[in-house]
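# Architecture at a glance
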Amino acid sequence: MSTPVLELRNINKSFGPIDVLHDINIQVKAGEVLCLLGDNGAGKSTLIKIMSGVHWPSSGDILMDGQKVQFETPRAASNRGIATVHQFGGTFPLMSIGRSFFVGVEPTKGWGPFKVYDRKKANEIAVKAVRDFGITRIDDGDRLVGGLSGGERQSLAIARAVYFGARVLILDEPTAALGVKQATHVLRIVNEAKKRGLAVIFITHQVMHAMAVGDHFAVLIRGAVAADFREGEKTREEITDLMAGGETMADLEAQIEGYMAEHGGHPPPPHS
């Protein structure tokens with residue numbers, strides 16, 4: 001049995017007196033897609049923030065390659081190879097494809113104080129990275145990101161994460177706002193990432209999309225893992241029934257927002 005790339009053991013998260021996550025145990029291995037299923041308010045967003053270093057767990061352990069780690073910031077998680085692509089792709093509509101691909105780490109040419117942005121190099125790399133994932137319609141790095149479809153923007157963000165060394169790819173509802181054709185593009189990209197050996201965590205409430213790519217499934221209800229199973233062990237109807245068993249956490253999320261507002265928008269540190 002191979003060691004999981006990322007594993008959460010007995011993760012709990014509280015915001016003051018408000019308990020949000022309860023004894024979460026999940027793991028994902030290289031070349032595997034873990035589908036994290038749950039209706040709105042099931043606790044998926046808080047779990048994503050813990051995996052990506054935005055929040056610290058109140059208790060429990062995070063392991064990478066079998067070793068305990070602590071992500072004090074999102075940058076620390078990123079440096080470990082964890083990349084999160086949110087629902088709208090994390091791209092910039094008014095930037096070119098090449099510039100958006102390299103934002104913050106732009107390639108340059110020249111020397112010393114005469115260095116300038118290397119637009120040609122950025123465009124060539126960005127276009128190749130996206131086309132390597134099968135999105136052949138993107139062939140001009142100067143094209144504005146805002147002119148791409150939702151599926152193409154998601155594909156650009158995923159290709160960027162892979163290019164910069166992601167080992168764990170967290171996809172937050174990547175198909176939620178997409179039509180059938182665009183969602184199919186994204187699902188193809190997910191399968192390609194899996195073939196390349198990435199560990200993929202696919203967060204969704206759309207059962208059909210999860211079943212199209214998933215190897216391993218976990219259903220979240222009211223902040224706890226209600227079911228954990230492998231591909232083929234449950235039918236679509238059984239998964240849907242599991243998800244429907246949970247009550248909404250809208251009131252709890254409102255309490256969390258109130259707590260964060262009272263404390264300047266910052267979560268409390270983990271318990272010592």
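Described below are features of the structure shown in this document.

### A word on the overall build of the protein
- Tallying secondary structure elements over the protein gives nine helices and 12 strands in all.
- For the protein, the C-alpha radius of gyration of 19 Å lies close to 19 Å, the compact-globule estimate for 272 residues.
- In terms of principal-axis extent, the alpha carbons of the protein reach across some 55 × 45 × 40 Å.
- Across the protein, 30 positive and 31 negative side-chain charges occur, with their mean positions spaced 10 Å apart.

### So, the packing of aromatic side chains
- As enumerated under the stated definition, the model contains seven aromatic pairs in all.
- Relative to Phe 164, the ring of Tyr 163 has its centre 5.0 Å away and its plane inclined at 90°; by these criteria the two rings are edge-to-face.
- You can call Tyr 163 partly exposed: its relative accessible area is 41%.
- Judged by relative accessible area, Phe 164 falls into the partly exposed class, the value being 39%.
- Following the ring pairs from residue to residue traces out a cluster consisting of Phe 101, Phe 102, Tyr 163 and Phe 164.

### Let's talk about the environment of Lys 121
- Along the chain, Lys 121 turns up in helix H4 (residues 119-131).
- By relative accessible area, Lys 121 is classed as partly exposed at 41%.

### Comments concerning the sheet that holds strand S4 (residues 59-64)
- Taken together, the four strands give an open sheet; going across it, the order is S2-S1-S4-S5, and neighbouring strands pair in antiparallel fashion. A strand with exactly one partner marks an edge of an open sheet, and here the two such strands are strand S2 (18-28) and strand S5 (67-69). Geometrically, the sheet is characterised by an average inter-axis angle of 30° between neighbouring strands, direction not taken into account.

Conventions adopted
- Residues numbered from 1 in each chain as written.
- Predicted model: local features only at pLDDT ≥ 70, side-chain atom pairs only at ≥ 80, totals over all residues.
- Heavy atoms only, no water.
- Helix = DSSP H or I, 4+ residues; strand = E, 2+ residues; numbered from the N terminus.
- Rg over C-alpha atoms; globule rule 2.2 N^0.38 Å.
- Lys, Arg positive; Asp, Glu negative; His and termini not counted.
- Charge placed at Lys NZ, Arg CZ, Asp CG, Glu CD.
- Phe/Tyr/Trp six-rings, centres within 6.5 Å; stacked < 30°, edge-to-face > 60°.
- Buried < 20%, exposed > 50% of the residue type's maximum accessible area, 1.4 Å probe, protein only.
- Pairing = 2+ DSSP bridges.
- Axes fitted to C-alpha atoms, helices over the stretch in contact; angles between N-to-C directions.

Any functional reading would require information beyond the geometric quantities listed.
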